[in-house]
Amino acid sequence: MPRLSEVIAALENLWPAERAESWDAVGTVVGDPDQEVSRVLFAVDPVQEIVDEAVKLDADLLVTHHPLYLRGTTTVAASTFKGRVVHTLIKNDIALHVAHTNADTADPGVSDALAGALDLRVVGPLVPDSTDPSGRRGLGRICELDHPLTVRELALKAAERLPATAQGIRVAGDPEATVRTIAVSGGSGDGLFDQVRAAGVDAFLTADLRHHPVSEARAHSPLALLDAAHWATEWPWCELAATQLDEISDRNGWGLRVHVSDTVTDPWTAHAASNPPTRTTGAPN
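Predicted model only: the values in this text are computed from it and were never measured. (Residues numbered from 1 in each chain as written. Predicted model: local features only at pLDDT ≥ 70, side-chain atom pairs only at ≥ 80, totals over all residues. Heavy atoms only, no water.)

> Can you help me understand the sheet that holds strand 2 (residues 39-43) in this one?
If you trace the 5 strands from one edge of the open sheet to the other, you get 1-4-3-2-11, paired in mixed fashion. Looking at the sheet topology across the chains shown, the edges are occupied by strand 1 (27-30) and strand 11 (257-260). Looking at each pair of strands side by side, their axes are set apart by 25° on average, direction ignored. In this sheet, strand 3 (residues 61-64) lies alongside strand 2 in parallel orientation, the contact comprising 4 bridges. If you follow Ala43 over to strand 3, its bridge partner there is Thr64. Sitting on the sheet, helix 9 (residues 230-252) touches strand 2, strand 3 and strand 11, and the angle it makes with strand 11 is about 175°. (Pairing = 2+ DSSP bridges. Helix = DSSP H or I, 4+ residues; strand = E, 2+ residues; numbered from the N terminus. Axes fitted to C-alpha atoms, helices over the stretch in contact; angles between N-to-C directions. Contact = heavy atoms within 4.5 Å.)

Right under this line is the structure:
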């Protein structure tokens with residue numbers, strides 16, 4: 001069995017820490033470099049529910065996309081929910097490693113996995129990484145559809161292919177408009193509207209879209225917007241990352257058992273659809 005330091009070195013080769021945004025907190029949070037690793041669990045969120053799953057699985061390493069501590073802290077007391085995560089990990093000899101924005105811009109990365117889940121053909125990055133001479137790394141992806149779909153059909157496909165959440169897929173734009181090209185970005189994407197418009201695509205699929213940025217984006221162009229749950233747009237990366245580590249394990253003869261958590265950690269738990277309007281004028285009370 002490999003030691004944690006060997007597995008982490010392989011993960012750092014896939015997602016170098018220096019490629020993370022300056023505000024990000026990536027890398028190994030908990031773990032003894034000399035401990036042996038035989039079972040690995042991938043998940044989006046390092047929350048207690050996922051850590052408990054890692055314990056039941058008898059995992060030695062938990063790899064998550066989201067950081068546990070994005071900002072500094074003065075305590076890891078078990079009386080705090082993040083402190084309890086740390087205590088559970090250490091008591092059960094489970095290491096925690098985070099690949100966040102360094103996985104977003106990787107080749108392949110989070111948006112490649114999102115595109116793959118929808119059978120989209122990746123053309124290139126939406127925001128290219130200027131340090132990549134190959135032009136393949138960067139934030140988001142510009143994609144083509146093998147066959148044109150209406151916005152409505154594309155939304156239904158996204159709802160079918162991405163993990164089910166309470167939110168589902170929200171749409172801004174003409175549901176019957178034709179989509180041949182689309183930009184995708186896993187996670188929060190409403191800061192990318194300028195780049196998406198510059199790409200000249202028909203639609204943009206991302207998460208966490210807010211009222212005012214969407215309203216302004218719709219005023220600028222007929223671009224269709226598809227808003228999925230944040231967790232759902234990033235979960236496909238877990239499967240991609242697990243496959244990458246499996247291949248590394250096979251090459252090195254490590255015999256790792258690699259798993260992907262299908263536990264839904266999206267914070268939204270229910271959705272109530274609005275009733276059809278009964279009047280056409282006046283504001284709601």
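> Looking at this model, I keep getting lost on the sheet that holds strand 10 (residues 224-228). Mind explaining?
Backbone hydrogen bonds hold the strands of a sheet together, and the pairing may be parallel or antiparallel. Taken in spatial order, the 6 strands make up an open sheet running 5-6-8-9-10-7, and their pairing is mixed. Across the chains shown, the open sheet's two edge strands, defined by having one partner strand only, are strand 5 (121-128) and strand 7 (170-172). Looking at each pair of strands side by side, their axes are set apart by 25° on average, direction ignored. Relative to strand 8 (residues 178-188), strand 6 (residues 138-150) runs antiparallel, the two being bridged by 6 bridges. Within the sheet, the bridge partner assigned to Ile142 lies in strand 8 and is Ala183. In the packing of helix 8 (residues 211-220) onto the sheet, the strands contacted are strand 7 and strand 10, and the crossing angle to strand 10 comes to about 160°.

> What is the right way to read the packing of helix 1 (residues 4-14) against helix 9 from this model?
Packed helices, taken two at a time, are described by the angle their axes make and the gap between the axes. The N-to-C vectors of helix 1 and helix 9 enclose an angle of 125°; their axes lie 11 Å apart at closest approach. Taken together, helix 1 and helix 9 sit at an angle that is classed as oblique. Here helix 1 and helix 9 pass one another in a crossing that is right-handed. Within the contact between the two elements, helix 1 uses Val7, Ala10, Leu11 and Leu14 and helix 9 uses Gln244, Leu245 and Ile248. Of the residues assigned to the contact of helix 1 with helix 9, the class counts are 6 nonpolar, 1 polar and no charged. (Parallel < 35°, antiparallel > 145°, perpendicular 65-115°, else oblique. Left-handed = near helix turned anticlockwise from the far one by under 90°. Nonpolar A, V, L, I, M, F, W, Y, C, P; charged D, E, K, R; others polar.)

> What is the right way to read the packing of aromatic side chains from this model?
Centre distance and the angle of the planes are the two values used to describe a pair of aromatic rings. Tallied over the full model, the rule gives 3 aromatic pairs. Geometrically, the ring pair formed by Phe193 and Phe204 is edge-to-face, given 6.0 Å between the ring centres and 80° between the ring planes. Of this pair, Phe193 sits in helix 7 (residues 193-199) while Phe204 sits in strand 9 (residues 203-207), and the two are 11 residues apart along the sequence. For Phe204, a relative accessible area of 0% gives the class buried. (Phe/Tyr/Trp six-rings, centres within 6.5 Å; stacked < 30°, edge-to-face > 60°. Buried < 20%, exposed > 50% of the residue type's maximum accessible area, 1.4 Å probe, protein only.)

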